[in-house]
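What follows is the residue order along each chain.
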Amino acid sequence: MAIAIVLVLVVAGSVLFHVLSPWWFTPIASNWSYIDNTLVITFWITGIVFAAVVLFMAYCIWRFRHREGSKADYEPESGRLEGWLTVVTAIGVAALLAPGLYVWSQFVSVPDDATEVEVVAQQWQWSYRLPGADGKLGTSEARLISPENPLGVNPEDPAGQDDVIIEAADLHLPVDKPVKMLLRSIDVLHDFYVPEFRAKMDMVPGSVTYFWFTPIRTGTFEVLCAELCGIGHGFMRGIVMVDTEEDYQAWLQEQSTFAQLSGTEVGMADGGTKK
Amino acid sequence: MVEFTPRTTDAIPPAEVPDVELYHPHSWWTTYVFSQDAKVIAIQYSSTAMAIGLVALVLSWLMRLQLAFPGTFDFITPEAYYQFVTMHGMIMVVYLLTALFLGGFGNYLIPLMVGARDMAFPYLNMLSYWIYLAAVLVLVASFFAPGGPTGAGWTLYPPQAILGGTPGGQQAGILIMLFSLILFIIGFTMGGLNYVVTVLQGRARGMTLMRMPLTVWGIFTATVMALLAFPALFVAAVMMLFDRLLGTSFFMPALVEMGEQLSYGGGSPILFQHLFWFFGHPEVYIVALPAFGIVSDLISTHARKNIFGYRMMVWAIVAIGALSFIVWAHHMYVSGMHPYFGFFFATTTLIIAVPTAIKVYNWVLTLWRGDIHLTIPMLFALAFIVTFVNGGLTGLFLGNVVVDVPLSDTMFVVAHFHMVMGVAPILVIFGAIYHWYPKITGRMLNEVMGHFHFWVTFIGAYLIFFPMHYVGLVGVPRRYPELGETAFIPESVHTLNEFITIAALVVGFAQLVFLFNLFWSLKNGREAGGNPWRATTLEWQTPTTPPPHGNWGDRLPVVYRWAYDYSVPGAPQDFIAQNDPWPNKPVVHR
């Protein structure tokens, strides 16, 4: 008997906790409110199923508990009932999957006007590279990494000369402009994770991964590493500032290009000439 | 009430193969230590698994203490924290759950439930245990190795697992872990072949596959899966050993560690993840399917009602087993694999929810119009359904690719998999121990301690893991020894963390009561008799309890019916044993 009451309390407590708890997603700062909506749909469907199953159990336990002289029914199976339950479950699953796959197709389709921004992770810091005036990132390779060339940019590639290098400092992004984050790691797995942007992706040495999003409000956001990368994992933090266009341009003016840093060329971030 | 006519059998043909003589031990050593009796091996497997599980339990306390009170305990450095995380995970998943369900329950129950004298290959079975014990001892040795155990996380992802930035990466830790896993897989393969052959070849006369108890179906299917899945882990472990020791680059691309160019090049870290999860996802069901089977039998027995939809339950087990081999990359949605994989793996993952849901419905429908005895095994079975439904439903969040993106690598994942493959199967293990302890020892476990253990474990575990989902929802990443000053994490999350830790310590304490009960009841438990639960399956029909070596005395049992004839209309009592020929007495040709 106690168990029937406890099961009802588990359902009531879980629902109340969900409704009253102050713990929820951080306020969103990207276009991925679709993801939040899909999650809310999932909460509704799964919540209803959980409550229904557990309350039905509690009812059965109370109604069919052993009493002197009581006897169970003999009922091996019921093809009709099992068939119905299968169909209803399949519909419920499809109702979850359909919006999920629809939003995923948006998640993996990068818009053509997205600006590329490269994030380079290493134990245990974040660096960044912007494409510079030509709008193209130069090629890069782990073998080229040295103290003078910490991101391994190919010095032979003209497209790389005007790339803006931000070593172990904050990244700024202009608001309302879609960005494609190109993710590289030079040592182990990492994961570029800003909770407010919702999107995240592992960074894998030897390949370039990506995701895209559009920042929708200005502000300062914390970057965390979300893939275990050694003892400094929990302390691998960074900052992304989403700026208005003017603030962003002002910040960009102060950054240095690859050419400037490697001493091969003098030029400005916004208009460096090619070698 | 349905119309019911009991089926009669006229004659049982003679056995196809003559009964075999077992190897009979001659000394104390070969009876109790180097025993070939599956029941003794089962107890050895279970005791070893619980002993090493106790280590993992203590590690979880240390982790929780660090998370709730960061900076308070000087000895829990980030290195130590990651070592605790890694060893806790690996021990619980492989060395406790897999070993206990297959090596423990598989060994004890398969021969008894199918009506065999022993496993098909008793010597191999003995060898299986001793290699498992060696694997455990090697694993424990890593605590004493220079640099300590590996801190790579139980997933052991390269490159970090074998590099210097990870505890044990450039020292002995990772080598010992890989070596221990290789031993475990060798030992398991010996046992696993035994379980499969015994189920297929060792069944008593009349025990058709579709008359087997679901416990046997669950363990059998899980074993077949394990035999197919563990080789992937085996090759991954061997390749990683080569990368670490011989300088090969299976998993290692060109990389720069701490400013130094390493000589690796051309390998793929994601290849390891595919191999790992090709093992790792079936592994979830390797633990879950025996639990599904056992809980079906507990519910049926203690509700005095046949399991509802037996045939559907068998096919659901088989379907889940098969499907679980094509869902592995749902652990890798944000791994950087080709994003189009997401469509495929999200679809297969959500499809697997259908047979799983059918199992839940049929458990609950078994309660409908039952005669529910709220014994301790039944309480654990009911608690299992609650936690399994909860954990299964949060799987629909993480399996549905785009919803996984914000939640992956957060505490939501930790909460989900602990609920579904930690708490839920462990509750079944407890229920099963309370259920079968009387057969193993001849005595009942103490009920007062049992009730205390049940209530604290069930409610406590729910209080640990239900709120933890919301910590993840806030965005708190997993595998962080401390959160530090993080703007988006409100102070209240720290308070919640303290609450979770206190609940974890209390639940941990209740397990000590359970262990004490296991020993206390050996001498002081109430005498159980041969069939205290009035159950139908064969293990309760042995001529003596505990069953002797060879199980059945002179004559092997003959099976006349399925395992679920409870409350049959017209029958003299509310259960009919599988070897009871009611309503007539057929001729049995010897």
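Each chain has its residues counted from 1, running along the sequence as written. All chains are assigned letters beginning at A, and all ligands numbers beginning at 1, according to the order in which they are written. Side-chain atom pairs in this predicted model are given and counted only at pLDDT of 80 or more, local residue features only at pLDDT of at least 70, and totals for whole chains, interfaces and linings cover all residues.

Strands here are runs of E lasting at least two residues and helices are runs of H or I lasting at least four, both read from the DSSP assignment and numbered beginning at the N terminus. Looking only at helices and strands, chain B features 15 helices and four strands. Overall, the C-alpha framework of chain B stretches about 80 × 50 × 50 Å when taken along its three principal axes. Here a residue counts as buried when 20 or more other C-beta atoms sit within 10 Å of its C-beta, as exposed when there are 12 or fewer, and as partly exposed otherwise, the C-beta atoms being derived from the backbone. Taking all 590 residues of chain B together, 61% fall into the buried category. Within chain B, contacts between residues at least 6 apart in sequence are counted, and of these 81% link residues at least 24 apart. By the criterion used throughout, residues are in contact when their C-beta atoms, derived from the backbone, lie within 7 Å.

Moving on, we come to the overall build of chain A. The number of helices and strands found in chain A is six helices and eleven strands. Computed over C-alpha atoms, the radius of gyration of chain A comes to 27 Å, more than 25% over the 19 Å expected from 2.2 N^0.38 for 275 residues, which places it beyond the range of a compact globule. C-alpha extents for chain A along the principal axes are approximately 95 × 35 × 35 Å. A burial count over chain A gives 43% of its 275 residues as buried. Of the contacts formed within chain A by residues at least 6 apart in sequence, a portion of 66% connects residues at least 24 apart. As a reference, a globule follows 2.2 Å times the number of residues to the power 0.38, and the radius of gyration itself is taken over C-alpha atoms.

Attention shifts here to the interface of chain A and chain B. Listed per partner, the contact involves 82 residues of chain A and 98 residues of chain B. When contributions to the side of chain A that touches chain B are tallied by element, the ones reaching two or more residues are helix H1 (2-20), helix H2 (33-63), helix H3 (79-107), strand E6 (190-193), strand E7 (200-203) and strand E9 (219-225) of chain A. A class-by-class count of the residues in the side of chain A that touches chain B yields 49 nonpolar, 18 polar and 15 charged. The residue classification treats Ala, Val, Leu, Ile, Met, Phe, Trp, Tyr, Cys and Pro as nonpolar and Asp, Glu, Lys and Arg as charged. All others, Gly included, are polar.

Before going further, it helps to examine the sheet that holds strand E3 (residues 164-166) of chain A. Within a sheet, neighbouring strands are paired by backbone hydrogen bonds and run either parallel or antiparallel to one another. Ordered in space as E8-E5-E1-E2-E3-E11 (chain A), the six strands form an open sheet in which the pairing is mixed. Each end of this open sheet is capped by a strand with a single partner; those strands are strand E8 (209-213) and strand E11 (256-257) of chain A. A pair of strands is treated as paired once DSSP finds two or more bridges between them.

Our next topic: the domain arrangement of chain A. Residues and elements named next belong to chain A. In this entry, domain limits derive from an automatic or database-based domain assignment. By domain assignment, chain A separates into domain 1 (2-66 + 78-107) and domain 2 (115-262). Put simply, the middle of domain 1 and the middle of domain 2, counted by C-alpha atoms, are 39 Å apart. Facing the eight residues of domain 1 at the interface are 13 residues of domain 2. The residue makeup of the side of domain 1 that touches domain 2, split by class, is five nonpolar, three polar and no charged.

Here we come to the pairing of E7 of chain A. Residues and elements named next belong to chain A. Sheet analysis places E6 next to E7, joined by four bridges and oriented antiparallel. Counted as the bridge partner of Phe 192 is Met 201 from E7. Here E6 hands over to E7 after six residues, with Arg 198 in that stretch at a positive phi of 70°.

What makes a nonpolar core is a set of buried Ala, Val, Leu, Ile, Met, Phe, Trp, Tyr and Cys residues, with links drawn between C-beta atoms within 7 Å. Membership of the largest hydrophobic core comes to 283 residues, with the highest contact counts inside it found for Met 57 of chain A together with Phe 380 of chain B. Counting residues per element, this core draws most heavily on helix H3 (residues 78-114) of chain B, which supplies 25 residues. Two domains each donate at least three residues to this core, and these are domain 1 (2-66 + 78-107) and domain 2 (115-262) of chain A. The contact partners of Met 57 of chain A, leaving out residues within four places of it in the chain, are Leu 7 of chain A together with Val 364, Leu 367, Leu 382 and Ile 385 of chain B.

A few words now on the environment of Ala 357 of chain B. Residues and elements named next belong to chain B. With respect to the element layout, Ala 357 can be found in helix H10 (residues 353-367). A count of 23 C-beta atoms within 10 Å places Ala 357 in the buried class. Between the C-alpha atoms of Ala 357 and Val 389, which are 32 residues apart in sequence, the distance is 8.5 Å.

Residues and elements named next belong to chain A. Taken together, the five strands give an open sheet; going across it, the order is E4-E10-E9-E6-E7, and neighbouring strands pair in mixed fashion. A single partner strand is all that each edge strand has here, and the edge strands are strand E4 (171-174) and E7. Here the average twist between neighbouring strands, direction ignored, is 25°. By the bridge criterion, two bridges tie E6 to E9 in an arrangement that is antiparallel. Counted as the bridge partner of Phe 192 is Cys 225 from E9. Here helix H5 (residues 245-253) sits on the sheet in contact with E4 and strand E10 (237-243), set at roughly 140° to E4. Between N-to-C directions, angles cover 0 to 180 degrees, with each direction set by a line fitted to C-alpha atoms, over the stretch in contact for helices.

All names here are of chain A. Counting buried positions over the seven residues of strand E5 (residues 179-185) gives six, a clear majority of the element. As paired elements, strand E1 (residues 115-122) and E5 share seven bridges and run parallel to each other. Bridge assignment links Val 117 to a residue of E5, and that residue is Met 181. Judged from the five bridges that link them, E5 and E8 form a sheet pairing that is antiparallel. The residue of E8 that forms the bridge with Met 181 is Phe 211.

Of all residues except glycine, most have a negative phi; of all peptide bonds, most are trans. All names here are of chain B. In this structure, the amide linkage connecting Pro 158 to the following residue, Pro 159, adopts the cis form with an omega of 0°. Among the secondary structure elements, Pro 159 is positioned in the loop between helix H4 (122-141) and helix H5 (172-201). A cis amide bond, omega 10°, links Trp 582 with the succeeding residue Pro 583. Turning to its location among the elements, Pro 583 is positioned in the loop between helix H15 (491-524) and strand E4 (587-588). Located in the positive-phi region is Arg 369, a residue other than glycine, with phi close to 55°. Within the secondary structure, Arg 369 is located in the loop between H10 and helix H11 (376-399). One non-glycine residue, Ser 567, adopts positive backbone phi at about 50°. Structurally, Ser 567 is set in the loop between H15 and E4.

This part takes up the packing of H3 of chain A against H10 of chain B. Where H3 of chain A meets H10 of chain B, the closest approach of the two axes is 9 Å, and the angle between their N-to-C directions is 135°. Classified by the angle their axes make, H3 of chain A and H10 of chain B are oblique. Here H3 of chain A runs over H10 of chain B; the crossing is right-handed. Taken together, the residues of H10 of chain B that come into contact with H3 of chain A (itself represented by Glu 82, Leu 85, Thr 86, Thr 89, Ala 90 and Val 93 of chain A) are Ala 353, Val 354, Ala 357, Ile 358 and Tyr 361 of chain B. Of the residues that constitute the contact of H3 of chain A with H10 of chain B, the class distribution is eight nonpolar, two polar and one charged. Our angle categories are set so that under 35 degrees counts as roughly parallel, over 145 as roughly antiparallel, 65 to 115 as roughly perpendicular, and the remainder as oblique. Crossing chirality is assigned from the near helix's rotation relative to the far helix, an anticlockwise turn below a right angle marking it left-handed and a clockwise turn marking it right-handed.

This part covers the packing of helix H13 (residues 411-441) of chain B against helix H14 (residues 447-474) of chain B. A pair of packed helices is characterised by two quantities: the angle between their axes and the separation of those axes. Residues and elements named next belong to chain B. Taken N-terminus to C-terminus, the directions of H13 and H14 make an angle of 170°; their axes are 8 Å apart at the nearest point. Taken together, H13 and H14 sit at an angle that is classed as roughly antiparallel. In the packing of H13 onto H14, the handedness of the crossing is left-handed. Along the contact surface, H13 presents Met 411, Phe 412, Val 413, Val 414, Ala 415, His 418, Met 419, Val 423, Leu 427, Phe 430 and Tyr 434, while H14 presents Gly 450, Thr 457, Phe 458, Ala 461, Phe 465, Met 468, His 469, Val 471, Gly 472 and Leu 473. Its residues assigned to classes, the contact of H13 with H14 comprises 16 nonpolar, five polar and no charged.

Let us look at the confidence of the model for chain A. Scored from 0 to 100, pLDDT records how confident the predictor is in each individual residue. On average, residues of chain A carry a pLDDT of 92, and 96% of them reach 70 or more. Ignoring residues within four places in sequence, the model shows residues 266-275 of chain A, a span with pLDDT below 50, making 33 contacts including any to other chains.

Moving on: H2 of chain A. A rise of 1.5 Å per residue sets the reference length of H2 of chain A, with its 31 residues, at 45 Å; its end C-alpha atoms lie 45 Å apart and thus fit the reference within 8%. Those residues of H2 of chain A lying buried are Ile 35, Thr 38, Leu 39, Thr 42, Thr 46, Phe 50, Val 53, Val 54, Met 57, Ala 58, Cys 60 and Ile 61 of chain A. Residues of H2 of chain A that are buried make contact with H1 and H3 of chain A together with H10, H11 and helix H12 (401-407) of chain B. One fewer than the residue count of a helix, multiplied by 1.5 Å, yields its expected span.

This part takes up the environment of Glu 16 of chain B. Residues and elements named next belong to chain B. Secondary-structure assignment places Glu 16 in the loop between strand E1 (11-12) and helix H1 (28-33). Under the C-beta neighbour-count criterion, Glu 16 is labelled exposed, with 6 such atoms within 10 Å. Taking the C-alpha atoms as reference, Glu 16 lies 8.7 Å from Arg 205; in sequence the two are 189 residues apart.

Residues and elements named next belong to chain B. The first and last C-alpha atoms of H10 sit 22 Å apart over 15 residues, in line with the 21 Å expected at 1.5 Å per residue. H10 sits mainly inside the fold: 14 of its 15 residues count as buried. Following H10 by one or two positions, Arg 369 has its phi on the positive side, about 55°.

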